There are 2 protein chains.
Amino acid sequence: MTQKQPLRIYLAGPEVFLPDPIEAGRRKCALALRYGFIGLYPLDAALTLDGLPKAEQARRISAANEDLMRQADVLIANLTPFRGVSMDSGTAFEVGFMRALGRPVLGYTNVMPDYATRAAAFRQRGFSTDDGDRPDLQVEDFDAAENLMITCAIEASGASVVRQTVAPGLEIEHLGGFELCLQQLQRQMLGTAATPLHRL
Amino acid sequence: MTQKQPLRIYLAGPEVFLPDPIEAGRRKCALALRYGFIGLYPLDAALTLDGLPKAEQARRISAANEDLMRQADVLIANLTPFRGVSMDSGTAFEVGFMRALGRPVLGYTNVMPDYATRAAAFRQRGFSTDDGDRPDLQVEDFDAAENLMITCAIEASGASVVRQTVAPGLEIEHLGGFELCLQQLQRQMLGTAATPLHRL
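Because the structure is predicted, anything quoted here is derived from the model rather than measured. (Residues numbered from 1 in each chain as written. Chains lettered and ligands numbered in written order. Predicted model: local features only at pLDDT ≥ 70, side-chain atom pairs only at ≥ 80, totals over all residues. Heavy atoms only, no water.)

A. Layout of the interface of chain B and chain A. Of the residues lining the interface, 66 residues belong to chain B; the matching set on chain A comes to 66 residues. Interface area for chain B against chain A, summed over the two sides, is near 5,600 Å², with a carbon-plus-sulfur share of 56%. Considering only the side of chain B, the residues that lose the most area to chain A are B:Arg83, B:Phe93 and B:Met149, jointly responsible for 16% of the buried surface there. At the boundary of chain B with chain A, the tally comes to 10 salt bridges. Here B:Asp143 makes a salt bridge to A:Lys54, at a shortest N to O gap of 3.1 Å. Among the elements of the structure, α2 (54–71), α3 (89–100), α4 (115–124) and α5 (148–156) of chain B are those that each provide at least two residues to the side of chain B that touches chain A. The class makeup of the residues in the side of chain B that touches chain A is 32 nonpolar, 13 polar and 21 charged. (Contact = heavy atoms within 4.5 Å. Buried area = accessible area lost by both parts, 1.4 Å probe. Salt bridge = Lys/Arg side-chain N within 4 Å of Asp/Glu carboxyl O. Helix = DSSP H or I, 4+ residues; strand = E, 2+ residues; numbered from the N terminus. Nonpolar A, V, L, I, M, F, W, Y, C, P; charged D, E, K, R; others polar.)

Take a look at the structure:
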């Protein structure tokens, strides 16, 4: 990678649902900057949404986020489970979006057990049909943190999925795994990475 | 739309986890064909995976599915909740992937309550920190079936999200909503749709 401009990283994750999502974005951008990268955070605050119908608010946020992704060189996703066995669906959409644009995607999760283990625990607690599980459904078991479309997109980008356990209650906002992703990118910039990121 | 070749539809959804995923794909392809469309189903069976390490199996399935999406003109996603409040994360990835390629995405869900209602019910049942929820997290509330990145991508394609309730236990495989999506596509082909699908 020879580009002179700082890399712009789209910061995908469920932090937008934290009590103070703006502050969460500032923290991620500040950490990215310490590594010389520009963070692009899906910051709804920059839009004027007051008084608009809900559908129009949603439309503007979606359009702004898609625009922001097109401006980004790379994506780092927070894959931590969100209201169920899997990651936030909006974040999964964004990983796929950037992957289709041919841009590298990286990711981390703050919950260590793999997908199959989490799915087994979820099932054992005995949920209703509204939860989208039942005993005869197969559980994907590739020792991976998430659905293979997500983890393989990250690996095909030349990156590796960061998995670690954090203090209980900090699963959504802990930035340790995010920082390890930044370090993966930094090794790319310095040319010391074991595997070059594809298409960067 | 003036193309002569039948439209190729990528069939995204958690049906790949049904006890007989091949048969589920056949049913969707057969129904698509009744409307004159070719269904492309993420059929792992066509790959030779026996004896390969899990990571390599996953890699080949992912690569095959990405190739299949690139061959598709349009995507129809099953957005029904899967092991939690939200849809299958692999399907969400695929909606984003096709959206970034500029191809229309359609979707249906077999669970009627909207995202905010489902999230409230999930929270009320009192889950552990492993489930990725806690009382101070905001719940997205746009009266929509899913995260706005998903539903707005469908609406921006010129389609509308199909939502209906089906018989309990058939949430994953019921094809009523899928057929309504096929009918949306058919109206496009006949030129009788209220809103033309974008970029088709």
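B. Focus on helix α6 (residues 176–190) of chain B. All names here are of chain B. Here α6 is 15 residues long and its end C-alpha atoms lie 21 Å apart, about the 21 Å a rise of 1.5 Å per residue gives. Among the residues making up α6, those that are buried are Gly177, Phe178, Cys181, Leu182, Gln184, Leu185 and Gln188. All buried residues of α6 lie within an arc of 150° about the axis, which places them on one face of the element. Of the surrounding secondary structure, the elements contacted by the buried residues of α6 are β1 (8–12), α1 (21–34), β3 (74–78), β4 (105–109) and β5 (162–163). Following α6 by one or two positions, Gly191 has its phi on the positive side, about 75°. (Expected span 1.5 Å × (residues − 1). Buried < 20%, exposed > 50% of the residue type's maximum accessible area, 1.4 Å probe, protein only. Arc of directions from axis to C-beta.)

C. Summary view of the relation of the copies chain B and chain A. It takes a turn of 180° to lay chain B on chain A, together with a shift of 0.0 Å along the axis; the resulting RMSD is 0.0 Å. Within this description, the copies of the chain are treated as partners about a two-fold rotation axis. Most of the interface of chain B is mirrored in chain A, where 100% of its interface residues are also at the interface. (Least-squares fit on C-alpha atoms with pLDDT ≥ 70 in both.)

D. Focus on empty space enclosed by the protein. All chains considered together, the criterion is met by 2 cavities of 30 Å³ or more. When its volume is computed, the largest cavity comes out at roughly 60 Å³. Residue lining of the largest cavity: 13 residues in total, with A:Phe82, A:Ser86, A:Met87, B:Ser86 and B:Met87 positioned closest to the centre. For the lining of the largest cavity, the residue count by class is 6 nonpolar, 5 polar and 2 charged. (1 Å grid on protein atoms, 1.4 Å probe; cavity = no way out; pocket = protein on both sides within 12 Å on 5 of 7 lines; lining within 4 Å. Points joined across faces, edges and corners; volume = space filled by probe spheres on them.)

E. Examining the side chain of B:Ser157 more closely. Residue and element names in this part refer to chain B. Relative to the assigned elements, Ser157 resides in the loop between α5 and β5. In this structure the side chain of Ser157 is engaged in a polar contact, spanning 3.1 Å, whose partner is the backbone nitrogen of Val105. Among the polar contacts listed, one links the side chain of Ser157 to the backbone oxygen of Ala153, at a separation of 2.8 Å. (Polar contact = N/O pair within 3.5 Å; in protein donor to acceptor, adjacent residues only side chain to side chain.)

F. Just the nonpolar core, in detail. Ranked by size, the top nonpolar core spans 118 residues in total, and within it A:Ile76, A:Leu182, A:Leu185, B:Ile76, B:Leu182 and B:Leu185 carry the most contacts. Non-local contacts of A:Ile76, meaning those with residues more than four positions away in its chain, are made with A:Ile9, A:Tyr10, A:Leu11, A:Ala12, A:Leu106, A:Tyr108, A:Phe178, A:Cys181, A:Leu182 and A:Leu185. (Core = buried A, V, L, I, M, F, W, Y, C linked by side-chain atoms within 4.5 Å.)

G. Quick look at the packing of helix α2 (residues 54–71) of chain A against helix α3 (residues 89–100) of chain A. Residue and element names in this part refer to chain A. Contact pair α2 / α3: the axes reach a minimum separation of 10 Å and the direction vectors enclose 40°. With respect to their mutual orientation, α2 and α3 come out oblique. Judged by the sense of rotation from one axis to the other, the crossing of α2 with α3 is right-handed. Here Asn65, Glu66, Met69 and Arg70 of α2 come into contact with α3, specifically with Phe93, Glu94, Phe97 and Met98. Class assignment of the residues belonging to the contact of α2 with α3 gives a composition of 4 nonpolar, 1 polar and 3 charged. (Axes fitted to C-alpha atoms, helices over the stretch in contact; angles between N-to-C directions. Parallel < 35°, antiparallel > 145°, perpendicular 65-115°, else oblique. Left-handed = near helix turned anticlockwise from the far one by under 90°.)

H. Broad picture of the packing of aromatic side chains. One pass over the structure, following the stated rule, counts 6 aromatic pairs over all chains. Note that A:Lys28 overlies the ring of A:Phe178, its terminal NZ or CZ placed 4.8 Å from the centroid. (Phe/Tyr/Trp six-rings, centres within 6.5 Å; stacked < 30°, edge-to-face > 60°. Lys NZ or Arg CZ within 6 Å of the ring centre and 35° of its normal.)

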